[in-house]
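The lines below spell out each chain.
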Amino acid sequence: MLDKITDQVVEALVSTPSFALLPNLRKLQWLDDRECFFPLLCTLLVPTITSIMLGNDDSSKPWLAKSALLASLGARCPSIRELDCVYNGYSEEFSDAISEAVCDCHELVHLKTGVLNAQALDHLASLPSLKSLHFLLSYVDKPPTNSIPIFTSKLDELSITVTSPTSFTQCFRDVRFLSCRSVALSIDSDWLNPDEPYDPLDIPDLIVAFSVCFSPVLEQLRVNTEFIDYDNESILDDHRLRLALTSLLPCYNLAT
């Protein structure tokens, strides 16, 4: 394990063929986003890898080579079972790249990533190995139009972060999770669309969509709201949200 890598170390490592450098590499955690280290990262992405963690990114300054690398993750490392690739903020370029990579991964068990497109969700729904899924929805997303992804595999842990209850409602109408036992829903004010403020009247639609999306096997539901800039709405104390969530208890295996 190396905490710090100089340019000289990078040059020495890159000059060594990857199969000779780390022939049995299985797990890679890469938390440095400096472009000068990109050749080394490319060298380390070998077919033997089963677990990858990439992060510490500033997606407000994307570069083409990085997006191309993200898109090729599945092809470079076809045996990936665990993929953790969450990038700060939202970039359509990175979203498309990650979605392309996911579509090339056929053995995923655990996935934690950013915004996924409809094609990636369709692919994930077809994987019998997938057990946990964590992803994001942004207010610029377009709902799937050709089909409704139906997750019937062993997927039992789901985490979704969105910008508003309306985004949840749209997602729940267009995806089915029939095996999830644990669900975490988060509304993040850092991504909040200023043109789509919190509206308590969205709650009934959210609950209806939720009941369609999930099956009665659901046992645990966590809802996290972070509306830092909306103190005057008293969102966290909205009794309608608590009442709506409580109404779900008899329909599922949920416990208070």
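To be clear, the structure that these remarks concern was listed above.
This text gives an overview of the structure that appears in the document. Please read all numbers here as calculations on a predicted model, not as lab measurements.

1. Remarks on helix 7 (residues 118-125)
Thought 1: All of the buried residues in helix 7 are A120, L121, H123, L124 and A125.
Thought 2: On its buried face, helix 7 sits against helix 6 (92-103), strand 4 (110-115), strand 5 (132-136) and strand 6 (150-151).
Thought 3: Of the residues that open helix 7, the one with a side-chain oxygen 3.2 Å from the backbone nitrogen of Q119 is N117.

2. Observations concerning the environment of T169
Thought 1: Residue position: T169 is located in helix 8 (residues 165-174).
Thought 2: Here T169 falls in the buried class, since its relative accessible area comes to 6%.

3. Regarding the pattern of salt bridges
Thought 1: All told, the structure shown has 1 salt bridge when counted by the stated rule.
Thought 2: In this structure, the salt-bridge partner of R181 is E219, at a minimum N-O distance of 3.2 Å. Taken as a pair, R181 in the loop between strand 8 (176-177) and strand 9 (182-188) and E219 in the loop between helix 9 (203-213) and strand 10 (220-226) lie far apart in primary sequence, 38 residues in all.
Thought 3: A relative accessible area of 40% means that E219 is categorised as partly exposed.

4. Topic: the packing of aromatic side chains
Thought 1: Evaluated as defined, the whole model comprises 5 aromatic pairs.
Thought 2: Centre to centre, the rings of F172 and F214 are 5.5 Å apart; their planes meet at 75 degrees, and the pair counts as edge-to-face. Placement of the pair is F172 in helix 8 and F214 in the loop between helix 9 and strand 10, with a sequence separation of 42 residues. In terms of burial, F172 and F214 fall into one category: buried.
Thought 3: With a centroid separation of 4.7 Å and an interplanar angle of 40 degrees, the aromatic rings of F210 and F214 are classed as tilted.
Thought 4: Taking relative accessible area as the criterion, F210 reaches 3% and is therefore assigned buried.

5. What to know about the nonpolar core
Thought 1: Counting 62 residues, the largest nonpolar core has L116, L124, L133, F151, I160, F172 and F177 as the members making the most contacts within it.
Thought 2: The dominant element in this core, judged by the number of residues it contributes, is helix 6, at 6 residues.
Thought 3: Non-local contacts of L116, meaning those with residues more than four positions away in its chain, are made with S95, I98, S99, V102, L111, L121, L124, L133, F135 and L136.

6. What about the pairing of strand 7 (residues 157-162)?
Thought 1: Of all 6 residues making up strand 7, 5 are buried, and the element is well covered by its neighbours.
Thought 2: Judged from the 5 bridges that link them, strand 5 and strand 7 form a sheet pairing that is parallel. The residue bridging F135 from the neighbouring strand is I160, located in strand 7.
Thought 3: As paired strands, strand 7 and strand 9 are joined by 6 bridges and run parallel to one another. Among the inter-strand pairings, S159 is bridged to a residue of strand 9, identified as A184.

7. Overview of the packing of helix 4 (residues 64-71) against helix 6
Thought 1: It is at 7 Å that the axes of helix 4 and helix 6 come closest, and there the two elements cross at 25 degrees. By the angle between their directions, the pair helix 4 and helix 6 is classed as roughly parallel. Every residue of helix 6 that contacts helix 4 at L64, K66, S67, L70 and A71 is listed here: E93, F94, A97, I98, E100 and A101.

8. Describing a negative patch on the surface
Thought 1: Together, E92, E93, D96, E100 and D104 line one region of the surface with negative charge.
Thought 2: Within the secondary structure, E100 sits in helix 6.

The rules behind the values
- Residues numbered from 1 in each chain as written.
- Predicted model: local features only at pLDDT ≥ 70, side-chain atom pairs only at ≥ 80, totals over all residues.
- Heavy atoms only, no water.
- Buried < 20%, exposed > 50% of the residue type's maximum accessible area, 1.4 Å probe, protein only.
- Helix = DSSP H or I, 4+ residues; strand = E, 2+ residues; numbered from the N terminus.
- Contact = heavy atoms within 4.5 Å.
- Polar contact = N/O pair within 3.5 Å; in protein donor to acceptor, adjacent residues only side chain to side chain.
- Salt bridge = Lys/Arg side-chain N within 4 Å of Asp/Glu carboxyl O.
- Phe/Tyr/Trp six-rings, centres within 6.5 Å; stacked < 30°, edge-to-face > 60°.
- Core = buried A, V, L, I, M, F, W, Y, C linked by side-chain atoms within 4.5 Å.
- Pairing = 2+ DSSP bridges.
- Axes fitted to C-alpha atoms, helices over the stretch in contact; angles between N-to-C directions.
- Parallel < 35°, antiparallel > 145°, perpendicular 65-115°, else oblique.
- Patch = residues over 30% accessible without salt bridge, like charges linked within 9 Å, V, L, I, M, F, W, Y side chains within 5 Å.
- Areas by Shrake-Rupley, 256 points an atom, 1.4 Å probe, with all protein chains shown as cover.
- Lys, Arg positive; Asp, Glu negative; His and termini not counted.
- Charge placed at Lys NZ, Arg CZ, Asp CG, Glu CD.

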